[in-house]
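The primary structure of each chain is shown beneath.
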Amino acid sequence: RQLVQRVWLSPLQVLSGLHLPSSKLRDSHMSRSSRHAIKGALSSFNSELEALLSARELRVEEEALRASLVAASCAFVLPVYGEFLDKFTASLAFSKHPDKYLLYPHDRLRPLLQA
């Protein structure tokens with residue numbers, strides 16, 4: 001469990017470190033700085049996630065251990081990521097091109113973690 005937390009600490013800190021008052025998250029009233037903060041957090045998370053996924057040079061051969069690590073990763077990452085998406089991107093008002101920043105919708109992240 002500690003290994004999983006250590007591996008995912010950096011990408012998740014990017015998401016959990018973003019604090020914007022809910023008054024700044026309304027659809028039509030999102031400030032420019034709020035939009036940039038959300039875009040920056042998503043871009044950083046995407047970069048960190050891609051680095052982690054491409055660094056899969058070591059493969060755990062023991063199936064039970066691998067399954068345990070995957071389950072722990074999903075349990076650790078998905079709630080934080082889902083909460084971030086629900087809070088900051090539900091309205092999609094943060095960008096005219098949300099698909100540029102939302103590279104990994106919540107339903108697409110689980111299969112990536114399980115691969």
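As the structure is a computational prediction, the values presented were derived from the model and not from experiment.

Enquirer: Which residues make up the overall build of the protein chain, and what values go with them?
Expert: When helices and strands are tallied, the protein chain shows four helices and zero strands. Secondary structure elements in the protein chain, listed N-terminal to C-terminal, are α-α-α-α. Total accessible area computed for the protein chain in this model is approximately 7,400 Å², and 53% of it derives from carbon and sulfur atoms.

Enquirer: How would you explain the packing of aromatic side chains if you had to name every residue and give the values?
Expert: Under the definition given, this model contains one aromatic pair. Between Phe45 and Tyr81 the ring centres are 4.7 Å apart and the planes differ by 20°, which places this aromatic pair in the stacked class. Pair noted here: Phe45 is in helix 2 (residues 32-54) and Tyr81 is in helix 3 (residues 63-88), with a separation of 36 residues, a long-range link. Here Phe45 and Tyr81 have matching classes, each one buried.

Enquirer: If you had to explain the packing of helix 1 (residues 2-16) against helix 2 to someone new, which residues and values would you point to?
Expert: Relative to each other, helix 1 and helix 2 sit at 165°, their axes nearing to 8 Å. On the basis of the axis angle, helix 1 is roughly antiparallel to helix 2. Between helix 1 and helix 2 lies a crossing whose hand is left-handed. In this structure, helix 1 contributes Val7, Trp8, Ser10, Pro11, Leu12, Val14 and Leu15 to the contact, and helix 2 contributes Ala41, Ser44, Phe45, Glu48, Leu49 and Leu52. For the contact of helix 1 with helix 2, the per-class residue count stands at 10 nonpolar, two polar and one charged.

Enquirer: Provide a residue-level description of the side chain of Ser95, including the pertinent values.
Expert: Topologically, Ser95 is positioned in the loop between helix 3 and helix 4 (106-114). For Ser95, the side chain forms a polar contact with the main-chain nitrogen of His97, separated by 2.9 Å.

Enquirer: Could you give me a rundown of the nonpolar core, with the residues and numbers involved?
Expert: If you look at the biggest cluster of nonpolar residues, it comprises 24 residues, and the most contacted ones within it are Ile38, Leu42, Phe84 and Leu109. Mapped onto this core, the elements with two or more residues apiece are helix 1, helix 2, helix 3 and helix 4.

Enquirer: Talk me through helix 3; I want residue IDs and the actual numbers.
Expert: The end-to-end C-alpha distance of helix 3 is 37 Å, a good match for the 38 Å that 26 residues give at a rise of 1.5 Å each. Restricting attention to buried positions, one finds in helix 3 the residues Ser73, Cys74, Val77, Leu78, Tyr81, Gly82, Phe84, Leu85 and Phe88. On its buried face, helix 3 is in contact with helix 1, helix 2 and helix 4.

Enquirer: Quick one: what's the story with the environment of Ser34, residue by residue and with numbers?
Expert: Inspection of the secondary structure puts Ser34 in helix 2. On the basis of relative accessibility, which here comes to 0%, the residue Ser34 falls in the buried class. As for Ser34 and Phe94, which are separated by 60 residues in sequence, their C-alpha atoms are 7.6 Å apart.

Enquirer: Break down the packing of helix 3 against helix 4 for me, citing the residues and quoting the values.
Expert: Two numbers describe a pair of packed helices, the interaxial angle and the distance between the axes. Relative orientation of the contacting elements helix 3 and helix 4 amounts to 160°, with a least axis distance of 10 Å. If you check the angle between helix 3 and helix 4, you find them roughly antiparallel. In the packing of helix 3 onto helix 4, the handedness of the crossing is right-handed. Along the contact surface, helix 3 presents Val70, Ser73, Cys74, Val77, Leu78, Tyr81, Gly82 and Leu85, while helix 4 presents His106, Leu109, Arg110, Leu113 and Gln114. Residues that form the contact of helix 3 with helix 4 fall into these classes: eight nonpolar, four polar and one charged.

The rules behind these values
- For every chain, the first residue of its written sequence is number 1, and the numbers climb from 1 along that sequence.
- With the structure being a predicted model, the display of local features is reserved for residues of pLDDT at least 70 and the display and counting of side-chain atom pairs for 80 or more, all residues being used for whole-chain, interface and lining totals.
- With hydrogens and water stripped out, all remaining heavy atoms of the structure feed into the side-chain values.
- Only DSSP runs of H or I reaching four residues or more are called helices, and only runs of E reaching two or more are called strands; each is numbered from the N terminus.
- Per-residue accessibility takes into account occlusion by the displayed protein chains alone, with areas from the Shrake-Rupley method and a 1.4 Å probe.
- Each Phe, Tyr or Trp ring (for Trp, its six-membered ring) is paired with any other whose centre lies within 6.5 Å, and the angle between the two planes then decides the class: stacked below 30 degrees, edge-to-face above 60, tilted in between.
- Relative accessibility under 20% of the residue-type maximum defines a buried residue, over 50% an exposed one, and the middle range a partly exposed one, all with a 1.4 Å probe and only protein chains included.
- As a rule, the C-alpha atoms of each element are fitted with a line to give its axis, helices using only the stretch in contact, and angles between N-to-C directions run from 0 to 180 degrees.
- Angular relationships are summarised with four words: roughly parallel below 35 degrees, roughly antiparallel beyond 145, roughly perpendicular across 65 to 115, and oblique for the angles in between.
- Each crossing is labelled by how the near helix is turned from the far one, with a counterclockwise turn of less than a right angle marking it left-handed and a clockwise turn marking it right-handed.
- What makes two residues a contact is simply this: any of their non-hydrogen atoms within 4.5 Å.
- For this classification, the nonpolar set comprises Ala, Val, Leu, Ile, Met, Phe, Trp, Tyr, Cys and Pro, the charged set comprises Asp, Glu, Lys and Arg, and every other residue, Gly included, is treated as polar.
- For this analysis, a polar contact is any N or O atom pair within 3.5 Å, provided that within protein one partner can donate a hydrogen and the other can accept it, and provided that sequence-adjacent residues contribute only side-chain to side-chain pairs.
- In this text, buried Ala, Val, Leu, Ile, Met, Phe, Trp, Tyr and Cys residues form a nonpolar core when linked through side-chain atoms within 4.5 Å.
- Expected helix span is given by 1.5 Å per residue-to-residue step, counting one fewer step than there are residues.

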